[in-house]
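# Report on the structure
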Amino acid sequence: MSSLINEKKDTEIMILDNLQKCNQYFDVHKGFRKAFEFLQRFDLSELSEGKYEIAGEKIFAIVAKDQGRAAEEGQLEVHNEYIDIQLVVEGTDTMGWRSRTTCCKEAGEYDPETDLQFFLDDPHSWLAVGSGNFAVFFPDDAHLPLISTGLIHKVIVKVAVESDGLRENGLS
């Protein structure tokens, strides 16, 4: 179940796959190996909600349990500084996707402190991401997460786009 969306041939592509096949993505970015190793922890489903450092601020994880919402309650979001690897631990997160280059209805300015900008555009695609599956969103991917009628338990690993300094943290 590997899906790749690429409207521009010269950019990274959104990824949707099962965690059991994550090793095929280790070479996409030098921080992905450490990110996926964290997601393969045997105790992942038992971790408390909160932030977990993997390689300082270059790679960290956020464990969250959130009630899903209706699509009309959310907005597309983009990040400039981090790539999101969103693993659904329990539940189904129906995530919206749209190429950032086609977003034209800004809901506000980019906030560098939160690495977030929101858009009012509608997603072009919807991805039903169930337990054990993950989606990778690059800065070119606008995404709308947390669409569900139930509780969603997920882990989001944030991987810095700029990978300078990762080797000093033991990554290669």
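Remember, it's a predicted structure, so these values are computed and weren't measured experimentally.

The rules behind the values
Residues numbered from 1 in each chain as written. Predicted model: local features only at pLDDT ≥ 70, side-chain atom pairs only at ≥ 80, totals over all residues. Heavy atoms only, no water. Phe/Tyr/Trp six-rings, centres within 6.5 Å; stacked < 30°, edge-to-face > 60°. Helix = DSSP H or I, 4+ residues; strand = E, 2+ residues; numbered from the N terminus. Buried < 20%, exposed > 50% of the residue type's maximum accessible area, 1.4 Å probe, protein only. Lys NZ or Arg CZ within 6 Å of the ring centre and 35° of its normal. Salt bridge = Lys/Arg side-chain N within 4 Å of Asp/Glu carboxyl O.

### Topic: the packing of aromatic side chains
Each aromatic ring pair is described using two quantities: the centre-to-centre distance and the angle formed by the ring planes. Applying the stated criterion across every chain yields a total of 7 aromatic pairs. Measuring from ring centre to ring centre gives 6.0 Å for phenylalanine 32 and phenylalanine 36, while their planes differ by 85°; the resulting arrangement is edge-to-face. Taken together, the residues phenylalanine 32 and phenylalanine 36, both in helix H1 (residues 32-39) and 4 residues apart, mark about one turn of the helix. Note on phenylalanine 32: relative accessible area 0%, which makes it buried. Judged by relative accessible area, phenylalanine 36 falls into the buried class, the value being 0%. These aromatic residues form a ring-pair network of at least three members: Tyr25, Phe26, Phe32, Phe36, Phe134 and Phe138. Sitting over the ring of phenylalanine 60, lysine 51 keeps its end group 4.3 Å from the ring centre.

### Focus on the pattern of salt bridges
Within the structure shown, the criterion is met by 7 salt bridges. For the salt bridge of arginine 41 with aspartate 43, the shortest nitrogen-to-oxygen distance reads 2.8 Å. Judged by its relative accessible area of 32%, arginine 41 falls in the partly exposed class. Accessibility expressed as a relative area gives 18% for aspartate 43, which makes it buried. Its salt-bridge partner being aspartate 93, residue lysine 154 comes within 2.6 Å of it at the nearest N-O pair. With lysine 154 in strand E12 (residues 151-160) and aspartate 93 in strand E7 (residues 92-99), this pair connects stretches of sequence that are 61 residues apart. Given the relative accessible area of 0%, aspartate 93 is considered buried.

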